[in-house]
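Residues per chain are reported as follows:
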Amino acid sequence: MNNPILQCRQLTQIYRVGASEVIALQGLDLSVVQGEMVGVIGLSGSGKSTLLRVLSGLLQPSGGTVRFDDLQLGSATPRALDRYRRDDVGFVWQSTAENLLPTVSAEMNVKLILDLYGADNSAERANELLCRVGLAERGRHVMSELSGGEQQRVALAMALANNPRLLLADEPTGALDAESSAGLFALMRQIQREDGLTQIIVSHDDELARHVDRVIRIRDGRVSSENRWDDETGREIGEALVIDTIGRLQLTNEQRAALGGTDRVTAEVENGAVTIRPANNGGSP
Ligand code: ADP
Ligand code: MG
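Residues numbered from 1 in each chain as written. Chains lettered and ligands numbered in written order. Predicted model: local features only at pLDDT ≥ 70, side-chain atom pairs only at ≥ 80, totals over all residues. Heavy atoms only, no water.

**Points about the sheet that holds strand 2 (residues 20–32)**
Heads up, the rule is: Paired strands are those between which DSSP finds at least two bridges. Only DSSP runs of H or I covering at least 4 residues are called helices, and only runs of E covering at least 2 are called strands; the numbering of each starts at the N terminus. It only takes one pair of heavy atoms within 4.5 Å for two residues to be counted as in contact. Axis definition: a line fitted to C-alpha atoms, over the contacting stretch in the case of helices. Angles run 0 to 180 degrees between N-to-C directions.
An order of 2-1-4-5 is seen for the 4 strands of this open sheet, with the pairing classed as antiparallel. Here the strands that pair on one side only, and so sit at the sheet edges, are strand 2 and strand 5 (71–72). As paired strands, strand 4 (residues 63–68) and strand 5 are joined by 2 bridges and run antiparallel to one another. Along strand 5, the bridge assignment pairs Phe 68 with Leu 71. Contacts from helix 1 (residues 48–55) reach strand 1 (6–17), strand 2 and strand 4, with the element oriented near 120° to strand 1.

**So, the nonpolar core**
For clarity, the threshold we go by: In this description, a nonpolar core means a group of buried Ala, Val, Leu, Ile, Met, Phe, Trp, Tyr and Cys residues linked to one another through side-chain atoms lying within 4.5 Å. Partly exposed residues are those whose accessible area sits between 20% and 50% of the maximum for their type, while under 20% is buried and over 50% is exposed, using a 1.4 Å probe and protein chains only.
Residues Val 110, Leu 130, Val 154, Leu 156, Leu 167 and Met 188 are the most contacted members of the largest nonpolar core, which totals 36 residues. Broken down by secondary-structure element, the contributors of at least two residues to this core are strand 3 (37–41), helix 4 (106–116), helix 5 (122–132), helix 6 (148–159), strand 7 (166–170) and helix 7 (178–195). Among the elements that line this core, the one with the most residues is helix 6, at 6 residues. Other than its neighbours up to four places away in sequence, Leu 130 contacts Ala 106, Glu 107, Val 110, Leu 135, Ala 136, Gly 139, Val 154 and Ala 157. Counting residues in hydrophobic clusters, the runner-up holds 33 residues, among them Val 40, Leu 51, Leu 73 and Val 223.

**Structural notes on unusual backbone geometry**
In most cases, non-glycine residues show a negative phi, while peptide bonds are predominantly trans. Positive phi is not limited to glycine here, since Glu 171 has a value of about 45°. Here Glu 171 is to be found in the loop between strand 7 and helix 7. In the Ramachandran plot, Asn 271 falls in the positive-phi region, its phi being about 50° despite a non-glycine side chain. By the element assignment, Asn 271 lies in the loop between strand 12 (265–270) and strand 13 (273–278). What makes Asn 271 exposed here is its relative accessible area of 78%.

Given below as structure tokens:
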């Protein structure tokens, strides 16, 4: 793999709620190369949003490291982190209400963000961005006059306003129907192809898998498996379980059932393969 632009090692995040603890991330490793589009798919509660909050520099994790290019987020000064969020990261959230001002036009929403970044010719650039997301004709409409899919395209235009080097999207199609979802993912793919923009898109929707270079599946705050596609043929190369930097891997429920539900196994190395069998003394006490 080329030198990754983004690298997370052994991320853990523990939320304390009163006297109890919720482990949202438990030793998550992730490397992303420049220009790659990665889909993160996992059930609700698997730690997806927490991961994106950490990657965006909004949340300092309980443990582990994140590096973007040559910036170590964990040891960066507050100023460097601000700069990272302002200059390097674009973010699309799930609900349009979080992304947009409802009572002003699409054009004005994008222009306001550009003004915030101190961009020249913000009105003109707002129109260019709306063009890029296929909304050239809809810029004058206020948000409530746009469909959910169109609203998320405006959100995408806004996320692109700072010319980010990393685009993060948290369930951007969570409130959309199947057709608009596929449309938004396809648009993000097109932007990746045109600009080589590195993207990490989180979803619980398997549709995402059809639009990205690589899908990682997270379970219980950890990467459990990964799928890749061949660039030329578009064919799936296959699913691989991911062994993390400290040697752990996760079995699927099916695989665990095949072991008879035991939590003690033996691992035997033979001819370059490891065979896992229920241990003789196995099983929960
Ligand atoms: P996902 O986005 O995959 O649904 P989250 O990252 O939102 O997962 O949450 C992972 C786990 O952490 C869940 O059990 C969730 O309830 C818990 N969690 C998330 N945010 C907080 C928080 N601010 N305080 C306490 N627990 C949280
Ligand atoms: Mg979430």
